[in-house]
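# Structural overview
Listed here are the chains, written in short residue letters.
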Amino acid sequence: MRFSKTFLKTLRGAPKDEIARNGALLTRAGYIHKEMAGVYDYLPLGLKVIENIKNIIRDELNKLGCEEVLMSSLQNPEPWEKTGRFSDQEVDIWFKTELSSGGVLGLAPTHEEPITELLKSYVSSYRDLPLYIYQFQTKFRNELRAKSGILRGREFLMKDLYSFHASEADLDRFYAEVENAYRRIFARLGIGDSTFETFASGGIFSKYSHEFQTFLPVGEDTVYYNADKSIVLNKEVLNEEVLRDLGVSRKELSETTAAEVGNIFKLKFKYSEPLGLKYIDEENSQKTVYMGCYGIGVSRLMGVIAEKFADEKGLVWPESVAPFKYYLVGIGENGVQAAEKFYASHEHETFYDDRDVRPGEKFADSELIGLPYRIVFSDKTLAENAAELTSRQTGKTELIKISDL
Ligand code: ATP
Ligand code: MG
């Protein structure tokens, strides 16, 4: 991508009402644009980051045999009324809208009800199970506080996976597979070292659910951890009974803040029972389908990764999610010529700063935008038949022979 050809501009300041660092940096660096509190547009660079995150998740889920769909955002109240969730009680608050022909629709805050309803048309026998179905979808929630940039949107991107089983043992088996897939996903996203599976409240049917929490100073959650026993638990389950269960005492736990990047639930019959998702088993009797659900906050992850690695100069993307690998600069006539040549053969991985501005401005923007490597060609480097390669992460610069680039 050529800087001169995009509508993108880096900005000196962020919107006045943007108090979150991720929101401010991502806005200044041209990744996102704020529409209003909790509502953002994703610009070309930001969209690439989102797509990179999605592709890592997609790759790991497809390995488990999951199938991707895209369900509707507009929701008929009916199935939600059957589970009691169309009122604002249990899920985060709905955005609702009136139909011109009468009646009310809602914008989906999550999809347990519609997917359960949908599968009633496709599941009838034990032979139809298990099924693992997921999507990347925009969710709408009228969140009370939307002050954390893209960590908490009123409109945000989620990966939601739902699994359907003929037995509890099969649900347990798949749940464990998803736990492992999640570990691989967060490792590939560069936050494996700081993301921990965390005990959280399980709702009605299982004692615990699990969250995946990335330790982060600006995280909205409070968690307690014991590094030796590799135990992490959410504040909401910090009580005597849970401590006994986990074999750890309050004294052995430290407190920290974290951002929930994903969670997994054994739902069992929570939705299949009220909505009547049944199958016929091998003995020809009718049974209720076991369910699990597994979320990942895709847009939140982008904000978490931005927060995690940013420094005083700007963003620092891990290679796996960076929109491009190289930030390319040519200085002087010969430098530009060499940069053009490099760009011609590395277009897909290169963001080429071909603007007519001073090198100092290009360098500052390269640090703000945060691509893994900056490559500079100039008379000085060309005299050595080389380019200057600077790692954004370490700040180290080395001369690399053009033939070795
Ligand atoms: P939170 O406690 O942070 O509100 P949640 O328990 O409501 O999260 P889920 O409904 O399980 O979250 O959604 C699945 C995932 O979607 C979460 O783990 C989180 O990463 C992400 N997520 C939830 N709400 C938001 C939001 N308002 N903005 C961005 N991401 C979100
Ligand atoms: Mg919530």
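Residues numbered from 1 in each chain as written. Chains lettered and ligands numbered in written order. Predicted model: local features only at pLDDT ≥ 70, side-chain atom pairs only at ≥ 80, totals over all residues. Heavy atoms only, no water.

### A closer look at the nonpolar core
Counted only if it meets this: Within this scheme, the nonpolar core is defined by two criteria: the residues are buried Ala, Val, Leu, Ile, Met, Phe, Trp, Tyr or Cys, and they are joined through side-chain atoms within 4.5 Å. With a 1.4 Å probe rolled over the protein chains alone, any residue whose accessible area is under 20% of its type maximum counts as buried; one over 50% counts as exposed, and the rest are partly exposed. The secondary structure listing takes helices from DSSP runs of H or I that are at least 4 residues long and strands from runs of E that are at least 2 residues long, numbered from the N terminus. Whether two residues touch is decided by their heavy atoms; if any such pair falls within 4.5 Å, the residues are in contact.
Among the nonpolar cores identified, the biggest contains 61 residues, and Tyr31, Ile53, Phe186, Leu189, Met302 and Trp317 are the most heavily contacted of them. Per element, the largest residue contribution to this core is eight residues, and it comes from helix H5 (residues 168–188). Look past the residues within four positions of methionine 302 in its chain and what remains in contact with it is Leu26, Tyr31, Ile32, Tyr42, Gly46, Val49, Ile50, Ile53, Ile150 and Trp317. Among the nonpolar cores identified, the runner-up in size contains 17 residues, and Leu119, Leu131, Tyr271 and Leu275 belong to it.

### Quick notes on the domain arrangement of the chain
The condition that has to hold: The domain limits used here are those given by an automatic or database domain assignment. Defined here as a combined quantity, buried area equals the accessible surface (1.4 Å probe) lost by two parts on assembly, summed across both. By definition, a salt bridge exists where a carboxyl oxygen of Asp or Glu is found within 4 Å of a side-chain nitrogen of Lys or Arg. Whenever a nitrogen or oxygen atom comes within 3.5 Å of another N or O atom, the pair is scored as a polar contact, on the condition that within protein one atom can donate a hydrogen and the other can accept it, and that pairs from neighbouring residues in sequence are kept only if both atoms are in side chains. Residues were grouped as follows: Ala, Val, Leu, Ile, Met, Phe, Trp, Tyr, Cys and Pro as nonpolar; Asp, Glu, Lys and Arg as charged; and all remaining residues, including Gly, as polar.
Per the domain assignment, the segments of the chain are domain 1 (7–309) and domain 2 (326–404). Just the C-alpha atoms count here: the centres of domain 1 and domain 2 sit 39 Å apart. At the interface, seven residues of domain 1 touch five residues of domain 2. Taking both partners together, domain 1 and domain 2 bury about 520 Å²; carbon and sulfur atoms supply 68% of that area. If you look at where domain 1 meets domain 2, you find zero salt bridges. Counting every contact that joins domain 1 to domain 2 gives two residue pairs in polar contact (both at pLDDT 80 or more). Of the residues in the side of domain 1 that touches domain 2, the class split is five nonpolar, one polar and one charged.

### Quick word on the pairing of strand S20 (residues 386–391)
Put simply, side chains in a regular strand alternate between the two faces of the sheet. The line we're drawing: Strand pairing is defined by DSSP finding a minimum of two bridges between the two strands.
The buried count for S20 comes to six of six residues, which makes it a mostly enclosed element. Pairing analysis gives four bridges linking strand S19 (residues 373–377) to S20, with the strands arranged antiparallel. Following the sheet pairing, tyrosine 373 is matched in S20 by serine 391. With five bridges joining them, S20 and strand S21 (residues 397–401) adopt antiparallel strand pairing.

### A short note on helix H9 (residues 332–346)
What counts here: Expected span of a helix, by definition, is 1.5 Å for each gap between consecutive residues, and there is one gap fewer than residues. This arc describes the spread of directions from the helix axis toward the C-beta atoms.
Counted at 1.5 Å a residue, the expected span for H9 with its 15 residues is 21 Å, and the 21 Å between its end C-alpha atoms agrees. The complete set of buried residues in H9 reads Gly335, Ala338, Ala339, Phe342 and Tyr343. One side of H9 carries all its buried residues, which in axial view fall inside an arc of 140°. In H9, the exposed residues that point more than 90 degrees away from the buried face are Glu333, Gln337, Lys341, Ala344 and Ser345. Residues of H9 that are buried in the fold lie against strand S17 (326–330), strand S18 (350–352), S19 and helix H11 (379–382).

### Looking at helix H10 (residues 359–369)
Within the sequence span of H10, burial applies to Lys362, Asp365, Ser366, Leu368 and Ile369. All buried residues of H10 project into a common sector of 160° when viewed along the axis, lining one side. Its buried side turned inward, H10 meets helix H1 (21–28), helix H2 (44–63), S17, S18 and S19. One or two steps after H10, the chain reaches glycine 370, where phi turns positive at roughly 75°.

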